[in-house]
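# Secondary and tertiary structure notes
The chain contents come next:
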Amino acid sequence: MAIIWWLNHHAAKPENQVGARHYSLAKSLNQFGIRTIIITGSYDHNRGYRFPELKSDIYSPVSRTYDGVDFCSIPTPAYKGNASIGRVKNMLAFYFGAMKYFRGKTNIPKPDLIIGSVVHPFAAYAGYRLSKYYKVPFVYEVRDLWPRTLVELGRISSNHPFVILLDKLDGFLAKKAKLIITTAPLMKNHYKERFGIPEEKCLWITNGTSFTKNTPTPMRRIGEDDVIEVGYTGTIGFANGIKEFLEELINVPKDIVKRFNFTFVGPGPLKEALAHYAEENALPVVFKDSVPKDKVWNILQEFDMFLVILLKSDLYKNGLSMNKMSDYHAAAKPIIMMGKAAENPVLISESGYVTEQMGKLSKLLKKILNDSNEQYELKSLYGRKYALEEYDWDKLALKLKNRLDSLF
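Residues numbered from 1 in each chain as written. Predicted model: local features only at pLDDT ≥ 70, side-chain atom pairs only at ≥ 80, totals over all residues. Heavy atoms only, no water.

Before going further, it helps to spend a moment on the overall build of the protein. The number of helices and strands found in the protein is 15 helices and 16 strands. C-alpha atoms of the protein, sized along the principal axes, occupy 70 × 45 × 40 Å. Within the protein, contacts between residues separated by at least 24 positions form 73% of all contacts whose residues are at least 6 apart in sequence. Summing over all exposed atoms, the protein offers an accessible surface of approximately 18400 Å²; the carbon and sulfur share of this is 51%. A distance of 8 Å separates the average location of the 56 positive side-chain charges in the protein from that of its 43 negative side-chain charges. (Helix = DSSP H or I, 4+ residues; strand = E, 2+ residues; numbered from the N terminus. Contact = heavy atoms within 4.5 Å. Areas by Shrake-Rupley, 256 points an atom, 1.4 Å probe, with all protein chains shown as cover. Lys, Arg positive; Asp, Glu negative; His and termini not counted. Charge placed at Lys NZ, Arg CZ, Asp CG, Glu CD.)

Have a look at this one:
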C-alpha cells in the first residue's frame, strides 16, 4: 500500500464544525490502496482548543485515527486573532515542528509521496523540505492563493515585505512540485500567468461533500401565501457579505420581503451586531448558533432554498471552492446567489437564481415568487444531479488517485 504524508496545518477532523476535506479524501483513498497520514497542528483555530494530551508537559506529536484515517498533530501554541503575531508564531512552530519530528526517526511509516497544503505556504514548504529528505515526489496543494487572498481582502499591502516573501515562496513551491492541486477550477491560470507553469501540471479537485450519501427531503410545495425559508450556513464575518445583504434587504418592497425568512447558521465576529441590526430594522432574519458537522444535514432539510453571497473580488475570477456550495447542491434545494464568479456552479448546473449586483435583490426575489413549484423542483433536481457528479468524495479521490499513480 502506498503511503502519503499530507501536511495541512489546520486539517479538520470529522467532529469539527467545518469542512473536513483531507479527512474525506483520505478516507476514500484508503479504498484505492493509498494510506494517507495527515500531519496537522495541535491548536484548532476554528474552535480555540488544543488536544487534552497537549495541555500537560507532553511536547511531542499526538497520533489519532478516525475511521482508518491517521492524524498526527504537531504541538503548536494557542493564539488570538488571524492577523496577530501569535498566529505567525503558530505557523513557524508548525514548520519547525515538522522539521524536528518527521526527519529521521519517527513512529509513522515512511512516505512514498508528500503533499504540502496551503492555507499558509510555510506548511507546504515543510512538505517540500521533507520530500527532499525522503527523496520522494512533492505535490503542492493550493486552497487559497496566498498572499493574493490577504491582499484582496484588504488586510495587507501588496508591497509589504511579508507579501513579497509569500509570493516568492508560492512560485518556488509551484515550480518544484511534480503536481499542483487546486480547489478552484481556474487557479491554474494564476500559475500559468504569474510563474509560467503549464496548465497540465495542475489538477482541479474541488471541495466535495459527504451528503451525496444522504437522501434529501423532497422540495415542499409552496403556496401563494407561504413564507419561503432561506438558509445560510457558515461564517458570519466581514468577508461574507451578510452585512451588505441586510443593508439591501431594507430596500426590498414590503409585499415581497414578507414572503421570505432568512436564517443564518454559524459563528462569526459580526453575528451579534448584525442580529441587532436586523431586529432594529424589523427584517425577517434569524441568527442561530453553529452546529456540529453531523447535524448540518438536518439543519439543511429545514429550508426551502439556500443563500450564497459573494462580495466583489478578483479572487472569484478563478472560480469557487466553497464548502457550503457542495452541501447546498447535495441537499437538493434551489440556491440563491448574490455575486459574480467565473465557472459559476449555480449557473452551470441550472440549480438556482443568480444576480451579480446586490442592488438587484428586489428583482431577484420577485422572480423567485413568480416561479412555479415545478420550476423549484426542477432546479432542486439539477442541483442534486450536479452534486452526485461533481462533489462525491469517492469520485474526487479516484480522480486524484489516477493522477498520483504516475508519480509513485
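Per the stated rule, a full pass over the model turns up 22 aromatic pairs. Following the ring pairs from residue to residue traces out a cluster consisting of Tyr95, Phe96, Tyr125, Tyr128, Phe138, Tyr140, Phe172, Tyr191 and Phe195. Positioned above the aromatic ring of Tyr353, the side-chain terminus of Lys379 is 4.8 Å from the ring centre. (Phe/Tyr/Trp six-rings, centres within 6.5 Å; stacked < 30°, edge-to-face > 60°. Lys NZ or Arg CZ within 6 Å of the ring centre and 35° of its normal.)

With that out of the way, let us pick up the packing of helix α2 (residues 85–101) against helix α3 (residues 121–134). Two numbers describe a pair of packed helices, the interaxial angle and the distance between the axes. Where α2 meets α3, the axes come as close as 9 Å, and the angle between the chain directions of the two elements is 10°. For the element pair α2 / α3, the angle class is roughly parallel. The residues of α3 that touch α2, namely those facing Met91, Phe94, Tyr95, Ala98 and Met99, are Phe122, Ala123, Tyr125, Ala126, Arg129 and Leu130. The residue inventory of the contact of α2 with α3, partitioned by class, reads 10 nonpolar, no polar and 1 charged. (Axes fitted to C-alpha atoms, helices over the stretch in contact; angles between N-to-C directions. Parallel < 35°, antiparallel > 145°, perpendicular 65-115°, else oblique. Nonpolar A, V, L, I, M, F, W, Y, C, P; charged D, E, K, R; others polar.)

The subject of this paragraph is helix α5 (residues 161–176). Look at α5: 23 Å from first C-alpha to last across 16 residues, which is about the 22 Å you get at 1.5 Å a residue. Those residues of α5 not exposed but buried are Val163, Leu166, Asp167, Leu169, Asp170, Gly171, Leu173 and Ala174. (Expected span 1.5 Å × (residues − 1). Buried < 20%, exposed > 50% of the residue type's maximum accessible area, 1.4 Å probe, protein only.)

Before going further, it helps to spend a moment on α2. Given a rise of 1.5 Å per residue, 17 residues ought to cover 24 Å, and the 24 Å separating the end C-alpha atoms of α2 matches this to within 8%. Arg87, Asn90, Met91, Phe94, Tyr95, Gly97, Ala98, Met99 and Tyr101 are the residues of α2 that are buried. Those residues of α2 that are buried lie in contact with β1 (2–7), β2 (34–41), β3 (43–44), β6 (69–74) and α3.

Once that is clear, we can look at the sheet that holds strand β10 (residues 202–204). Here we have 8 strands laid out as an open sheet, ordered β5-β6-β2-β1-β7-β8-β9-β10, and mixed in their pairing. Strand pairing shows two members of the sheet lacking a second neighbour, β5 (62–66) and β10, which therefore form its edges. The average angle at which neighbouring strand axes cross in this sheet is 25°, direction not considered. For β1 and strand β7 (residues 113–118), the ladder comprises 4 bridges, and the chain directions are parallel. Bridge pairing in β7 links Trp6 to Ile115. Strand contacts of helix α1 (residues 21–31): β1, β2, β5, β6, β7, β8 (138–142) and β9 (179–182), with the helix running at about 160° to β2, the strand carrying the most contacts. Sheet strands touched by α5: β8 and β9. Its angle to β8, the strand with the most contacts, is close to 135°. (Pairing = 2+ DSSP bridges.)

Evaluation of the coordinates by the stated rule reveals 17 salt bridges. One salt bridge connects Lys213 with Asp394, and the closest N-O pair in it is separated by 3.1 Å. Here Asp394 lies in helix α15 (residues 393–404) and Lys213 lies in the loop between β10 and β11 (228–233), a separation of 181 residues in the sequence. Judged by its relative accessible area of 55%, Lys213 is exposed. Salt bridges linked by common partners bring Arg21, Glu141 and Arg143 together as one network. (Salt bridge = Lys/Arg side-chain N within 4 Å of Asp/Glu carboxyl O.)

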